[in-house]
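# Structure at a glance
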Amino acid sequence: LGIEDTVLWLGGDEILLEGDVDIQRAAGAGLRPAHFTTESLRVYPEREYAETDAPVTYRSTGLVVRALGIRAYLDRGQVELPARVRATHQPQGTR
């Protein structure tokens with residue numbers, strides 16, 4: 001997790017990350033490595049959940065997805081991209 005500008009603890013169970021938010025997930029059992037970037041992200045650590053309505057870029061092996069907003073269920077390794085989703089896929093072995 002990399003944050004270039006601001007981290008605000010909003011009290012209770014909410015953290016607001018603002019600026020160049022850069023999140024990376026290592027490959028794991030059944031999971032590809034993933035890289036997310038956005039300008040703002042609200043994180044709820046106790047719920048293992050994060051969200052934003054800001055533009056998001058998701059990169060993984062052979063895949064680039066741009067969307068408006070994200071809902072990340074961190075405990076499940078699952079994300080939802082709710083709006084304006086555009087993806088580019090390049091199969092492995094092609095260039």
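Residues numbered from 1 in each chain as written. Predicted model: local features only at pLDDT ≥ 70, side-chain atom pairs only at ≥ 80, totals over all residues. Heavy atoms only, no water.

### With respect to unusual backbone geometry
Positive phi, close to 55°, is recorded for glutamate 48, a residue that is not glycine. As for its placement among the helices and strands, glutamate 48 is situated in the loop between β4 (34-44) and β5 (49-60). According to the relative accessible area criterion, glutamate 48 is partly exposed, its value standing at 40%. Despite not being glycine, arginine 84 has its phi angle at roughly 50°, a positive value. (Helix = DSSP H or I, 4+ residues; strand = E, 2+ residues; numbered from the N terminus. Buried < 20%, exposed > 50% of the residue type's maximum accessible area, 1.4 Å probe, protein only.)

### Here's the deal with the pattern of salt bridges
All told, the structure shown has two salt bridges when counted by the stated rule. The residue glutamate 14 makes a salt bridge to arginine 42 at a minimum N-O spacing of 2.2 Å. Of this pair, glutamate 14 sits in the loop between β2 (6-9) and β3 (15-25) while arginine 42 is found in strand β4, placing the two residues 28 residues apart along the sequence. Arginine 71 is the salt-bridge partner of glutamate 80, the closest N and O atoms lying 3.3 Å from each other. Residue glutamate 80 is classed as partly exposed on the basis of its relative accessible area of 31%. For arginine 71, a relative accessible area of 32% translates into the label partly exposed. (Salt bridge = Lys/Arg side-chain N within 4 Å of Asp/Glu carboxyl O.)

### Structural notes on the side chain of threonine 52
As for its position among the elements, threonine 52 is in strand β5. Judged by its relative accessible area of 9%, threonine 52 falls in the buried class. One polar contact links the side chain of threonine 52 to the main-chain amide nitrogen of alanine 54, over a distance of 3.0 Å. Beyond its immediate chain neighbours, meaning those up to four positions away, threonine 52 contacts Thr38, Ser40, Leu41, Gly69 and Ile70. (Polar contact = N/O pair within 3.5 Å; in protein donor to acceptor, adjacent residues only side chain to side chain. Contact = heavy atoms within 4.5 Å.)

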